[in-house]
Amino acid sequence: MPSMAKRSHDPCSIGKFSNGKQNRQTEFSARRQKIAQQRKSIPIASVEKRLIEEVQKNDILIIVGETGSGKTTQIPQFLFGAGFCRDGKVIGITQPRRVAAITVAKRVAEECGVELGQKVGYSVRFDDTTSSSTRIKYMTDGLLLREALLDPYLSKYSVIIVDEAHERTVHTDVLLALLKNVQSARSRSVADDQGVNFGKKNVNAGMSLEKEYGGQSNSFLKKDNREKYAPLKLIIMSASLDARTFSEYFGNAKSVHIQGRQFPVDIFYTCHPEEDYLDASLITIFQIHLKEDPGDILVFLTGQEEIESVEKLINDRLSQFPEGSQKLQVVPIFAALPSEQQLRVFAPAPFGFRKVILATNIAETSVTIPGVKYVIDPGFVKARSYDSGKDMESLIIVPTSKSQALQRSGRAGREGPGKCFRLYPESEFEKLEDSTKPEIKRCNLSNVILQLKALGVDDIVGFDFIEKPSRTTIIKSLEQLFSLGALTDDCQLSDPVGHQMARLPLDPIYSKAIILASQYNCLEDMLITVAMLSVESIFYAPREKQVEARTAIKCFSSPEGDHITLINVYRASNDFLERRSIEMGKAKIEKAFKKWCKDNFISSRSLRHARDIHRQIRVHAEQMGLNLASCGDDMLQYRRCLAASFFLNAAVKQPEGTYRALASGLVVQIHPSSVLFRQKPECIIFNELVQTNSKYVRNVSSIDYLWLTELVPQYYVVKN
Ligand SMILES: Nc1ncnc2c1ncn2[C@@H]1O[C@H](COP(=O)(O)OP(=O)(O)OP(=O)(O)O)[C@@H](O)[C@H]1O
């Protein structure tokens, strides 16, 4: 059992739990009363007037306030009350994650006593609950960026609040630059009584990549029409923000600090470092379950695999408890789970049960999970990392930053006093970085550049990022887009390919595969491929059943590689569901589907998610008028299309059985999970590069070497 040392203690009162026996109406009014009470006692309530004055006085305001002080839920309501939505204007609040946007909107609608989608709504990719009456709109930062493509001045908004800005996701950073530009353009339009026009580019024939890199900073909203826009108010918010960086970026903008949180959270550290944080998490879960007062537990793990393995370990251990004494409900939440399954963590546990939520960092900021009193934080997170020299992007497990640790502990103590168990010594905490390195500095930028180009940004190097990505990364990403045919020689979006790619909400390499597949008459098959490649892992092989799992996978495997194998799984699941939907009702199908997946060592969650993604991207393909054909059983065209799409990830076999990636020169091996692990064909394409003790490639298919020069001569003849 990890021994814990308590760091601080605040006097606490025990949270109250409803007995659930009141009739519905009394329950409803009691809940409304409770919410009204909560709102009054929230720290931010006492500074409402001052905050409104600050927003009125300052066009840009930076607000730093403790977790749970009421920034996300209350400030938009204050602004609404102060008249910021007059003339039908909207207050927009961005969140880095969908789950936060959805759940906070639901809470605020409830606080306002309105139906979701009326005064308060949310909009996230593929799910929009807003209507023409919506005045307080929660959304993801990525969604607001896409809105800017259609309405460059974001003209319906009077205020935009960028929440959890400390996360510094790529979308947040790009959004900040965009908003800065939109704000000054809107102010100019009023001051000069002269309008502005968005996105008209100085097409400069013959401009080379070199010129693109060397350009000067440009404002991409250019004056030349006569429309007027009302000024835009901008608020940047977080609990753990380096206010100075943001203030300087926005020309010494004013920052205000909100003191206090509603309930205390006691922090505990282990006395010694833990060798195995999964084991330590498991022990701490049961330690809390057996010894602590009622209250749910939120555990932060790094990804789906860890979550599923801890889920299994908890259930195994529970099965050893005497019948009827288990009383622990385990609910996972991670990005790859379909939305409705993610939202299960917000439902109360069955009466008398304690809920254990196993979460990735998607539950780290903004969300309030009702019932959570205990947080377990092993101190790790899976983060993107990019080596621009090798053009290699990977996900690696790294220690959290101090600001992430603070956010995690902030998930306890929202409805009453809480406790946070950090599974590392306090001395380790002191060594953590203050904040997380901005994502823009650790990822490939081709997607961002594609979006910026679609927004009309000419000069990427000169673009006013809050922190500039490295020049090498920008150059590599531009080169990649150029190789994919998304950019013309003068660095503009190509027509139609570049524009079509920017419309698809996917990585450029996948968008390109979809556009090409339309020409190769195999789009249906490529849509399945992209959907299956977008989820974590389709096959699930428990350690103790490796042999059985390998036999089961053989039923689907194709000698041509993992891509066709994934298509076989998808098609088999289609057949299964079609047959069953004739035989049985909806509720039974779900159960039968789970059993079918389990028998075949397939993760039913991942497959469901892939089916969901497939449905969504198919709608995009239809709307774009692409040719929705399938190549049926003759997969040759499909394999040629794989080669033409993923040529940047082609590799050839070396005499000793390793592979040399043609674009980067890296020496890689086929991952043991690939169906081609033993077969080792002469030439392959792959979709993922993972770095453990060696460099492995996953999702691999064999191709004919000559296809590369035949299908992508502009790259292979010229370059290699
Ligand atoms: N869904 C909910 N159920 C119950 N209480 C809630 C809910 N959402 C918010 N609250 C209450 O409102 C308080 C303020 O939440 P809010 O999200 O506005 O804080 P915040 O300052 O934005 O915190 P953070 O920085 O952690 O996002 C919470 O501490 C909690 O008491």
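In this text, all values refer to a predicted model and were calculated from it rather than measured experimentally. Within any chain, residue numbers begin from 1 and follow the written order of that chain's sequence. The predicted nature of this model means local features are confined to residues of pLDDT at least 70 and side-chain atom pairs, given and counted, to a pLDDT of 80 or more, with totals for whole chains, interfaces and linings taken over all residues. Note that water and hydrogens are dropped before the side-chain values are worked out from all heavy atoms of the structure.

**Notes on the sheet that holds strand β5 (residues 127-128)**
Strand pairing is defined by DSSP finding a minimum of two bridges between the two strands. Numbering of helices and strands runs from the N terminus, with a helix taken as a DSSP run of H or I at least four residues long and a strand as a DSSP run of E at least two residues long. In spatial order, the strands read β5-β4-β6-β3-β7-β10-β2-β11; together these 8 strands make up an open sheet with mixed pairing. Looking at which strands have only one partner, the edges of the open sheet turn out to be β5 and β11 (254-258). Inspection of the sheet shows strand β3 (residues 90-95) paired to strand β6 (residues 136-140) by 5 bridges, in the parallel sense. Within β6, the position partnered with Gly-92 by the bridge is Lys-137. Relative to the sheet, helix α3 (residues 71-81) contacts β2 (60-65), β3, β6, β7 (157-162) and β10 (233-238), its axis offset from that of β6 by approximately 145°. What makes two residues a contact is simply this: any of their non-hydrogen atoms within 4.5 Å. Between N-to-C directions, angles cover 0 to 180 degrees, with each direction set by a line fitted to C-alpha atoms, over the stretch in contact for helices.

**What to know about the environment of Ile-397**
Considering the arrangement of structural elements, one finds Ile-397 in strand β18 (residues 392-399). Buried means the residue's accessible area, taken with a 1.4 Å probe over protein chains only, is under 20% of the maximum for its type, while exposed means over 50%, and partly exposed covers the values in between. For Ile-397, a relative accessible area of 43% translates into the label partly exposed. As for Ile-397 and Val-381, which are separated by 16 residues in sequence, their C-alpha atoms are 5.5 Å apart. Excluding residues that lie within four positions of it along the chain, Ile-397 makes contacts with Tyr-277, Thr-302, Glu-306, Phe-380, Val-381 and Lys-382.

**Some details on the nonpolar core**
Counting residues in hydrophobic clusters, the biggest one holds 121 residues, and the most contacted among them are Ile-236 and Ile-514. Boundary definitions for the domains trace back to an automatic or database domain assignment. Counting residues domain by domain, this core receives three or more from each of domain 1 (33-189 + 227-257) and domain 3 (504-712). For Ile-236, the residues in contact, after removing those within four places along its chain, are Leu-61, Ile-62, Ile-63, Val-162, Ala-165, Leu-176, Leu-241, Phe-246 and Phe-250. As used in this record, nonpolar core signifies buried Ala, Val, Leu, Ile, Met, Phe, Trp, Tyr and Cys residues forming a set joined through side-chain atoms within 4.5 Å. Ranked by size, the runner-up nonpolar core spans 32 residues in total, among them Ile-63, Ile-91, Ala-109 and Val-256.

**Topic: the domain arrangement of the protein chain**
Domains assigned within the protein chain are domain 1 (33-189 + 227-257), domain 2 (265-440) and domain 3 (504-712). Taking only C-alpha atoms, the centre of domain 1 and the centre of domain 3 are 40 Å apart.

**Here we look at the packing of helix α17 (residues 508-519) against helix α23 (residues 636-645)**
Packing of α17 against α23 brings their axes to within 9 Å, and their N-to-C directions diverge by 140°. Here α17 is positioned oblique relative to α23, judged by the angle of their axes. α23 is crossed by α17, and the crossing has right-handed handedness. Seen from α17, the contacting residues are Ile-509, Ala-513, Leu-516 and Ala-517; seen from α23, they are Cys-641, Ala-644 and Ser-645. Per-class residue counts for the contact of α17 with α23 are 6 nonpolar, 1 polar and no charged. Working definition: roughly parallel below 35 degrees, roughly antiparallel above 145 degrees, roughly perpendicular at 65 to 115 degrees, and oblique for all remaining angles. A crossing counts as left-handed when the near helix is turned anticlockwise from the far one by less than a right angle, and as right-handed when that turn is clockwise. Any residue outside Ala, Val, Leu, Ile, Met, Phe, Trp, Tyr, Cys, Pro, Asp, Glu, Lys and Arg is labelled polar, Gly included; the first ten of those are nonpolar and the last four are charged.

**Structural notes on the site of the ligand**
Throughout, near means a residue has at least one heavy atom within 4 Å of the molecule or strand. Lining the immediate surroundings of the ligand are 18 residues, of which Lys-71, Thr-72, Thr-73, Arg-411 and Arg-414 lie closest. The term polar contact refers here to a pair of N or O atoms within 3.5 Å; inside protein, the definition further demands a hydrogen-donor-capable atom paired with an acceptor-capable atom, and it admits residues adjacent in sequence only when both atoms are side-chain atoms. A distance of 2.5 Å separates an oxygen atom of the ligand from a polar side-chain atom of Thr-73. Arg-411 has a polar side-chain atom sitting 2.6 Å from an oxygen atom of the ligand. Taken by itself the ligand offers 630 Å² of open surface, and the protein chains cover 94% of this. Counting residues per element, the shell around the ligand draws most heavily on α3, at 3 residues. When the residues that make up the shell around the ligand are grouped by side-chain class, the tally is 2 nonpolar, 9 polar and 7 charged. In these tables, accessible area is a Shrake-Rupley quantity obtained with a 1.4 Å probe, and a residue counts as shielded only by the protein chains included in the view.

**Some details on the packing of aromatic side chains**
To pair, rings of Phe, Tyr and Trp, with the six-membered ring standing in for Trp, must have centres within 6.5 Å; the planes then decide the type, stacked if under 30 degrees apart, edge-to-face if over 60, and tilted in the middle. Tallying each qualifying case throughout the model produces 13 aromatic pairs. Here the aromatic rings of Phe-647 and Tyr-716 are separated by 6.4 Å at their centres, their planes lie at 80°, and the arrangement is edge-to-face. Taken together, the positions of Phe-647 in the loop between α23 and β20 (650-653) and Tyr-716 in helix α25 (residues 713-716) put the pair 69 residues apart, joining distant regions of the chain. One exposure class covers both Phe-647 and Tyr-716, and it is buried. Summarising the aromatic geometry, the rings of Tyr-715 and Tyr-716 are spaced 5.0 Å apart at their centres and angled 75° between planes, so their arrangement reads as edge-to-face. The exposure classification of Tyr-715 matches that of Tyr-716, with both residues buried. What links up through ring pairs into an aromatic cluster is the set Phe-556, Phe-576, Phe-593 and Trp-596. Charge over a ring is defined by NZ of Lys or CZ of Arg lying within 6 Å of the ring centre and within 35 degrees of the ring normal. In this structure, Lys-402 is placed above the aromatic ring of Phe-429, and the distance from its NZ or CZ to the ring centre is 5.9 Å.

**Observations regarding the pairing of β6**
Taken across its 5 residues, β6 has 5 buried, putting it largely inside the fold. Here β6 shows no split at all, with Ile-136, Tyr-138 and Thr-140 on one side and Lys-137 and Met-139 on the other all buried. Where strand β4 (residues 120-124) meets β6, 4 bridges bridge the pair, whose relative direction is parallel. Pairing of Tyr-122 across the sheet is with Tyr-138, part of β6.

**Some remarks on helix α22 (residues 604-623)**
Every helix has an expected span of 1.5 Å times one less than the residues it contains. Its 20 residues place the ends of α22 29 Å apart at the C-alpha level, agreeing with the 28 Å of an ideal helix rising 1.5 Å per residue. Downstream of α22 by one or two residues, Gly-625 has phi in the positive range, about 75°.

**Brief notes about helix α2 (residues 48-57)**
Each full turn of the α-helix corresponds to 3.6 residues, which orients residues three or four apart in the same direction. Restricting attention to buried positions, one finds in α2 the residues Leu-51, Ile-52, Glu-54 and Val-55. Here the buried residues of α2 occupy an arc of 160° about the axis, which is enough to place them on one side. Exposed positions of α2 whose direction lies more than 90 degrees from the buried face are Lys-49 and Lys-57. Against the buried residues of α2 lie β2, α3, β10 and β11. When we speak of the arc, we mean the arc of directions from the helix axis to the C-beta atoms.

**Observations concerning unusual backbone geometry**
Most peptide bonds take the trans configuration, and most residues that are not glycine carry a negative phi. The linkage connecting Asp-495 with the following residue, Pro-496, adopts the cis geometry, with an omega of 5°. Relative to the assigned elements, Pro-496 resides in the loop between α15 (471-483) and α16 (497-503). Although it is not a glycine, Asp-87 sits at a positive phi angle of roughly 60°. Looking at the secondary structure, you find Asp-87 in the loop between α3 and β3.

**As for the sheet that holds strand β24 (residues 695-702)**
Overall, mixed pairing links the 5 strands, which are arranged β20-β21-β22-β24-β23 in a closed barrel. With direction set aside, neighbouring strand axes in the sheet form an average angle of 50°. Across 3 bridges, the pairing between β20 and strand β21 (residues 659-661) is antiparallel. Note that in β21 the partner of Val-652 across the bridge is Arg-660.

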